[in-house]
Structures are given as structure tokens and as C-alpha cells.
Amino acid sequence: NPAQLDAAYGLTTAGSAAVPALTSLLEEESWVLRASAADTLGDMGHAAASGADALARVLDDESAWVRRNAVEALGNIGPLAAAAAPALSKCLSDQDVTVRHNAALALAKMGAGETTLLTQASTDEDLYVRQLAAEALRRCHP
């Protein structure tokens, strides 16, 4: 729906002023709303830093789409969301390959992560997860 895309774009351009409304949507019953809120926060990058704790709380959401988007959002926030690195590290063993991929990429962007879990992920069945976990390890421990 074009109106939904316009609304998401508007919230993204509003920057940090929109973070409280978006983080409250992370608690909605509808997984679509939760996933969209996480996606929009991710589009905001550093401006969404104050929402990092709320994003970390949905990393175990029942919806893979919510987890995927929340993990990606934390990566886009980058080092400002480094406090979420332990929770992100746990996502390296998620059943959904995209969540694992996004978690490894997020940790590489942050230069953070739990060494043991990153080492395990560097043997993941998915090539991209393996490579990104190895890169995160290099950035965490140069």
C-alpha cells in the first residue's frame, strides 16, 4: 500500500522524534506492525539509538520477520547499540537463516559479540553466516 510506504518514510525522516512511537509498536499484537516498526527503526540508523533496548527485547519474538528486522536495525544503529551484542550473539543460532545472517552482519558492523558464539557461527551451514561471523570475530579481536 503506497500510503503505508509514505507513512514509514515520514517516520524515518522524522528521526529520533519518531523513536518512542515506533518502539511502542514493537509491543503490538500484530507481527506485521512489530516487523514494520523494527524495519523503520533500522532505516533510521544512528537516529534510532534510543530504541536499541526495545529492539533487543524483541530478538526472541515468535515472528522470524520481527527478529530479522530487529537484528538488522541494531546493526544499522551500529556501535551505539553495542550493549545489545550479547543478545545479538544468541541470534547466531536462530532457526531462521536470515536472522543468523543479519546477526552476524550486525555484530561485524558493531565490532562486538561473544567470541564463543561467533566461533560456532563461523561453522554455520550457510556460507554468508560463516563469512560474516568470521569478519565479526576479526573486528572484535583484531
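Since the structure is predicted, the reported quantities are computational estimates derived from the model, not experimental observations.

### A look at the overall build of the chain
Now for step 1: Assigned secondary structure in the chain consists of nine helices and zero strands.
Now for step 2: Starting at the N terminus, the α and β elements of the chain follow one another as α-α-α-α-α-α-α-α-α.
Now for step 3: Relative to its 142 residues, the chain shows a buried fraction of 44%.
Now for step 4: Pairs at least 24 apart in sequence give 61% of the contacts found in the chain among residues at least 6 apart.
Now for step 5: Only carbon and sulfur atoms are counted for the fraction: they give 54% of the accessible area of the chain, which is about 7,300 Å².

### Re the nonpolar core
Inside soluble globular proteins, nonpolar side chains tend to come together where they are buried.
Now for step 1: If you look at the biggest cluster of nonpolar residues, it comprises 43 residues, and the most contacted ones within it are Leu26, Leu41, Leu55, Val71, Leu74, Leu88 and Leu118.
Now for step 2: Those elements giving two or more residues to this core turn out to be helix 2 (19–25), helix 3 (31–44), helix 4 (52–57), helix 5 (64–77), helix 6 (85–90), helix 7 (97–110), helix 8 (115–121) and helix 9 (127–140).
Now for step 3: Here this core gets seven residues from one element, more than from any other, and that element is helix 7.
Now for step 4: Setting aside anything within four residues of it in sequence, one finds Leu26 in contact with Arg34, Ala37, Ala38, Leu41, Ala54, Leu55 and Val58.

### What to know about helix 7
Now for step 1: Over its 14 residues, helix 7 extends 20 Å from the first C-alpha to the last, a length consistent with the 20 Å expected when each residue adds 1.5 Å.
Now for step 2: For helix 7, the secondary structure elements touched by its buried residues are helix 5, helix 6, helix 8 and helix 9.
Now for step 3: The N-cap of helix 7, judged by a side-chain oxygen 2.8 Å from the amide nitrogen of Thr98 a few residues on, is Asp96.
Now for step 4: Looking at the residues trailing helix 7, positive phi occurs at Gly111, about 70°.

Criteria and cut-off values
- In every chain, residue numbers begin from 1 and rise along the written sequence.
- It should be noted that, the model being predicted, local features are given only for residues of pLDDT at least 70 and side-chain atom pairs only at 80 or more, the latter also being counted only at that level, while totals for whole chains, interfaces and linings use all residues.
- Heavy atoms from the whole structure form the basis of all side-chain values; hydrogens and water molecules are not counted.
- In this description a helix means any DSSP run of H or I spanning at least four residues, a strand means any run of E spanning at least two, and both kinds are numbered starting from the N terminus.
- When accessible area is computed with a 1.4 Å probe and restricted to protein chains, residues below 20% of their type maximum are described as buried, those above 50% as exposed, and intermediate ones as partly exposed.
- Contacts were defined at the residue level, with two residues in contact if any of their heavy atoms lie within 4.5 Å.
- Computed by Shrake-Rupley with a 1.4 Å probe, the accessible areas treat only the displayed protein chains as cover when residues are assessed.
- Among buried residues, those of type Ala, Val, Leu, Ile, Met, Phe, Trp, Tyr and Cys that are joined through side-chain atoms within 4.5 Å constitute a nonpolar core.
- The span one expects for a helix is its residue count, reduced by one, times 1.5 Å.
- We call two N or O atoms a polar contact when they sit within 3.5 Å, provided that within protein one can donate a hydrogen and the other can accept it, with sequence-adjacent residues counted only if both atoms are side-chain atoms.

Functional significance is not addressed by these values, which are geometric in nature.
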